[in-house]
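Here's the letter readout for the chains.
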Amino acid sequence: MSKTATVFGPYRLEQELGRGGMAVVYRARDTRQRRTVAVKLLLPHLRQEREFVERFERELRHAANLRHPHIVPLYESGQINGIAYLAMGYADSGVLADHVARYPGQRLPLAWCAELLTQVASALDYAHVRGVIHRDVKPTNILLARAGRHALLADFGIAKAAWDSRLTSNTALIGSPFYMAPEQITGAPVDHRADVYALGLVLYELLTGRLPFSGDTPLVVMYHQVHHLPSSPREFNPALSPAVEAVVLQALEKEPSARFETAGALATAFRQAVGFDAVPLPPADAVNAPTLIATPPLSHTPPPALQRRPQSNAWLQWLPWGIAGVALLLLVFSLGALLGDLLSNRTLQSSAPPTEAPPASPMATATATLTLVPEPTSMSLPQPVAPEEGTSFYP
């Protein structure tokens, strides 16, 4: 779009992401919420289809009630300057069709396919239980986020609005003939198993690098969808097991009653057929080109990049014993030091020579004796006379 036409109501359109038979999608900036969103604008020739625009808006209101981690959230829809639009969540890793086109004729890793299939199937089952049929499951409607590790199913309700408003081939081809169920083409009643068939076609393409039906025109492709059986997936990917092939072919049965009853049943059967039930996605850097094609080992053990050394807390059970041991050592050292001091003092006392007390002098004896006699009250003390040895001052 031109540089002067980048503002659409509250949205600043930044980059065109893609366009189809009914709309063009832009990455945009929501200036009110300050977030990046995807804005889908109906193409000019559809804006004149009043019945379609009305049904389009009504179906979007129903789809807006779908809240699931693998369904693109719808923020709002309406018309600005006569242009019908919808604003939805933005996925930063493009669409599945981009990944398929990046590796034409090649097969994507089984673990990655199993996880993507499980995510999309959970979104379909969630919608089917609530009476919503997608009718246009295809790689361009499967958005990828988080470096290709998170799938988001988009465009619920748009195909139904187109069919119900009886849009003709003069305006747009509703849906892609490469991913249509036979009952959609023939006009037979359509239920949720049409989405199971379309999901089986997507799986076939991921595993073989090609679609089961092709032709020079959409009519030729639709004829093959109704009247021809799909080629064996193992013909294009011999590494697939017979069990995996059986799952894919059951999903592509012409009669809806012969298919898997739910999308989740298809995903479960596929995971069991490849030999695991919960293999994680490859690391984020392994999903980006060109290493997206590297197939991880088919085992219950996560890839080496995802493994972590188990953290053991066994040392905690020895902590009390360690503390007790340290305390015991300190006690032994203290007792040893105390015992050493006692022995040292005893040794010093035993080795010192005995000392004799000096003889008491007569004066000291007299002084000691005088302190025991009451002091006279009316006379002074007599002058001391040197006593003879062995005598005292008083008899």
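Rules of the game
- Residues numbered from 1 in each chain as written.
- Predicted model: local features only at pLDDT ≥ 70, side-chain atom pairs only at ≥ 80, totals over all residues.
- Heavy atoms only, no water.
- Helix = DSSP H or I, 4+ residues; strand = E, 2+ residues; numbered from the N terminus.
- Buried < 20%, exposed > 50% of the residue type's maximum accessible area, 1.4 Å probe, protein only.
- Contact = heavy atoms within 4.5 Å.
- Areas by Shrake-Rupley, 256 points an atom, 1.4 Å probe, with all protein chains shown as cover.
- Core = buried A, V, L, I, M, F, W, Y, C linked by side-chain atoms within 4.5 Å.
- pLDDT = per-residue confidence, 0-100.
- Arc of directions from axis to C-beta.
- Pairing = 2+ DSSP bridges.
- Salt bridge = Lys/Arg side-chain N within 4 Å of Asp/Glu carboxyl O.
- Axes fitted to C-alpha atoms, helices over the stretch in contact; angles between N-to-C directions.
- Left-handed = near helix turned anticlockwise from the far one by under 90°.
- Nonpolar A, V, L, I, M, F, W, Y, C, P; charged D, E, K, R; others polar.
- Polar contact = N/O pair within 3.5 Å; in protein donor to acceptor, adjacent residues only side chain to side chain.
- Expected span 1.5 Å × (residues − 1).

To continue, consider the overall build of the protein. If you tally the helices and strands in the protein, you get 14 helices and eight strands. A burial count over the protein gives 41% of its 395 residues as buried. Contacts in the protein between residues at least 24 apart in sequence constitute 64% of all its contacts with a sequence separation of at least 6. Here the protein displays about 22900 Å² of accessible surface, and carbon together with sulfur accounts for 57% of that area.

This next bit is on the nonpolar core. Within soluble globular proteins, side chains that are nonpolar generally end up buried alongside one another. With 55 residues, the main nonpolar core has Leu96, Phe156, Leu207 and Phe270 as its most contacted residues. If you list the elements that add at least two residues to this core, you get helix 3 (96–102), helix 4 (110–129), strand 7 (142–145), strand 8 (150–153), helix 7 (193–208), helix 10 (242–251) and helix 11 (263–274). If one sorts the elements of this core by residue count, helix 4 sits on top with 12 residues. Discounting chain neighbours no more than four positions away, the residues touching Phe156 are Leu60, Ala63, Leu66, Ile71, Ala123, Leu124, Ala127, Val132 and His134.

Right, let's talk about the confidence of the model for the protein for a bit. Should pLDDT be low for a region, the predicted coordinates there are not to be read in detail. For the protein, per-residue confidence averages 76 on the pLDDT scale, and residues scoring 70 or more make up 68% of the total. Confidence over residues 278–312 falls short of pLDDT 50; this stretch has 57 contacts with residues more than four positions distant or in other chains. Considering only residues more than four positions removed or in separate chains, one finds that residues 362–395, a stretch of pLDDT under 50, has eight contacts.

With that settled, consider helix 8 (residues 218–227). Taken residue by residue, helix 8 has Val221, Met222, His224 and Gln225 as its buried positions. The arc that holds the buried residues of helix 8, viewed along the axis, is 160°, so those residues lie on one side. Facing away from the buried surface of helix 8 by more than 90 degrees, the exposed residues are Leu219 and His227. Those residues of helix 8 that are buried are in contact with helix 6 (182–186) and helix 7.

So, on to the pairing of strand 3 (residues 23–30). Summarising burial for strand 3: six of the eight residues are buried, a large majority. Inspection of the sheet shows strand 2 (residues 11–19) paired to strand 3 by seven bridges, in the antiparallel sense. What sits directly across from Glu16, in strand 3, is Tyr26. With antiparallel pairing between neighbouring strands as the criterion, strand 2 and strand 3 make up a hairpin whose turn holds three residues. Here strand 3 pairs with strand 4 (residues 35–42) via eight bridges, running antiparallel.

Attention now goes to the pattern of salt bridges. Tallied over the full model, the rule gives 11 salt bridges. As a salt-bridge pair, Glu76 and Arg32 come within 2.7 Å of each other at their nearest N and O atoms. With Glu76 in strand 5 (residues 74–80) and Arg32 in the loop between strand 3 and strand 4, the pair connects residues that are 44 residues apart, well separated along the chain. Arg32 sits in the partly exposed class, given a relative accessible area of 47%. With its nearest N and O atoms 3.6 Å apart, the salt bridge here joins Arg271 to Glu115. Of this pair, Arg271 sits in helix 11 while Glu115 sits in helix 4, placing them 156 residues apart in sequence. Through salt bridges that share partners, Asp30, Arg32, Arg35 and Glu76 make up one connected network.

Glancing now at the pairing of strand 2. For strand 1 (residues 7–8) and strand 2, the ladder comprises two bridges, and the chain directions are antiparallel. The residue of strand 2 that forms the bridge with Phe8 is Tyr11. The turn linking strand 1 back onto strand 2 is made up of two residues, and Gly9 within it adopts a positive phi angle of 60°.

What follows is about the packing of helix 7 against helix 10. Two quantities define a packed helix pair, namely the angle between the axes and the distance from one axis to the other. Orientation of helix 7 relative to helix 10, taken along the N-to-C sense of each, is 140°, at an axis distance of 8 Å. Two packed elements cross with a definite hand, and for helix 7 against helix 10 that hand is left-handed. Between helix 7, through Val196, Tyr197, Gly200, Leu203, Tyr204 and Leu207, and helix 10, the contact on the second element is made entirely by Val244, Val248 and Ala251. Along the lines of polarity and charge, the residues of the contact of helix 7 with helix 10 split into eight nonpolar, one polar and no charged.

With that out of the way, let us pick up unusual backbone geometry. Phi is positive for Arg135, close to 75°, though the residue is something other than glycine. Locating Arg135 in the fold gives a position in the loop between helix 4 and strand 7. In the Ramachandran plot, Asp155 falls in the positive-phi region, its phi being about 70° despite a non-glycine side chain. Mapped onto the fold, Asp155 is located in the loop between strand 8 and helix 5 (158–164). For Asp155, a relative accessible area of 16% puts it in the buried group.

Turning to the side chain of Arg271, a few remarks are in order. According to the relative accessible area criterion, Arg271 is buried, its value standing at 8%. In terms of polar contacts, Arg271 uses its side chain to reach the backbone carbonyl oxygen of Ala114, at 3.2 Å. A polar contact is formed between the side chain of Arg271 and the side chain of Thr118, at a distance of 2.8 Å.

Taking 1.5 Å per residue, 12 residues should reach 16 Å; helix 11 reaches 17 Å between its end C-alpha atoms and fits that length. Within helix 11 the residues assigned to the buried category are Ala263, Gly264, Leu266, Ala267, Ala269, Phe270, Arg271 and Val274. Packed against the buried residues of helix 11 are helix 4, helix 7 and helix 10. Immediately beyond the C-terminal end of helix 11, within one or two residues, lies Gly275, with a positive phi of roughly 100°.

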